[in-house]
Amino acid sequence: MKVELFVPCFVDQLYPETAFNTVKLLEKAGCNVSFNPNQTCCGQPAFNAGFWDEAKEVGTKFLNDFEQDSIIVTPSASCTGMVKNYYNDLFTNTIEHNKCRNIQSNIYELSDFLVNILQFDYFGAELDGRAVYHDSCSGLRECHIKDEPRQLLSKVFGLELVEMKDNETCCGFGGTFSVKFEAIASAMAQQKVDNALAAGADYIISTDASCLLHLQAYIDKNNLPIKTYHLADVLANGWGNV
């Protein structure tokens, strides 16, 4: 199966290894992956800040950067949710309407694509320790992803996956929310990390690099004995069994 890869801004700038690991996973699952180096952003930062004209300009470029009949996969529920849900506010009844609808129906978050489309959930990954999975707001509420990451993580050798208290509660990032309301965002991150530590976790795993960036910043600031991991990085780790 041929797929196009969309690399989100956070991954491109801060976690490039996650993008490379996404390619490794897709190829191991039997996909032929293509990447358009001219791609940039989905427009979510501008959209969330209320700059819809600017978001539409960036979104138009996104629509033009991908083939409307191709399957698009991205290691970000946040960006997937933006395209699938909020592009309606930007492109309904415009000249891009039909192209937008086609792309909306063809874009997938990584775990959703692996489990529900490819039906591929075992990579021979290895990671020793106990982990909790953080349901990002975008993954859970916009993309309706919950069981898929857990199914993938359950096949990681050496990893014990446990549930933490309030795992569906926001981590406090929320884009510019964490900048405008730093004290509240920090308190929300503390609650999330405290719940993970109370569950005895060594790792917090999620589908969104933005959540992980926010949580890891709190962890580093307070020198806490826990680490964040993107799902793609966990699934590409070890590979000793295949």
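Below is a short write-up of the structure. Predicted model, so just to flag it, every value in this text is computed and none were measured. (Residues numbered from 1 in each chain as written. Predicted model: local features only at pLDDT ≥ 70, side-chain atom pairs only at ≥ 80, totals over all residues. Heavy atoms only, no water.)

## A look at unusual backbone geometry
Now for step 1: Residues other than glycine seldom take positive phi values, yet Asn93 does so here, at roughly 60 degrees.
Now for step 2: In this structure, Asn93 sits in the loop between α5 (77-91) and α6 (97-106).
Now for step 3: Judged by relative accessible area, which is 71%, Asn93 ranks as exposed. (Helix = DSSP H or I, 4+ residues; strand = E, 2+ residues; numbered from the N terminus. Buried < 20%, exposed > 50% of the residue type's maximum accessible area, 1.4 Å probe, protein only.)

## Re helix α12 (residues 209-221)
Now for step 1: Between its first and last C-alpha, α12 extends 18 Å over 13 residues, near the 18 Å set by a 1.5 Å rise per residue.
Now for step 2: Within the sequence span of α12, burial applies to Ala209, Ser210, Cys211, Leu212, His214, Leu215, Gln216, Tyr218 and Ile219.
Now for step 3: Turning to α12, the residues buried within the fold contact α1 (9-14), α10 (177-180), α11 (182-198), β7 (203-206) and β8 (227-230).
Now for step 4: Asn223 sits one or two positions beyond α12 and adopts a positive phi of about 50 degrees. (Expected span 1.5 Å × (residues − 1). Contact = heavy atoms within 4.5 Å.)

## Regarding the pairing of β7
Now for step 1: Side chains Tyr203 and Ile205 of β7 all project onto a buried face; the interleaved residues Ile204 and Ser206 project onto the opposite face, where all are buried too.
Now for step 2: Sheet topology note: the strand β5 (residues 126-133)/β7 ladder contains 3 bridges and is parallel. Along β7, the bridge assignment pairs Val132 with Ile204.
Now for step 3: Here 4 bridges tie β7 to β8, and the two strands are oriented parallel to one another. In the strand pairing of β8, Ile205 is matched with Tyr229.
Now for step 4: Tracing the backbone out of β7, into α12 and back to the parallel element β8 gives a crossover that is right-handed. (Pairing = 2+ DSSP bridges. Right-handed = clockwise from strand over helix to strand, strands pointing away.)

By themselves, these figures tell us nothing about what the structure is for.
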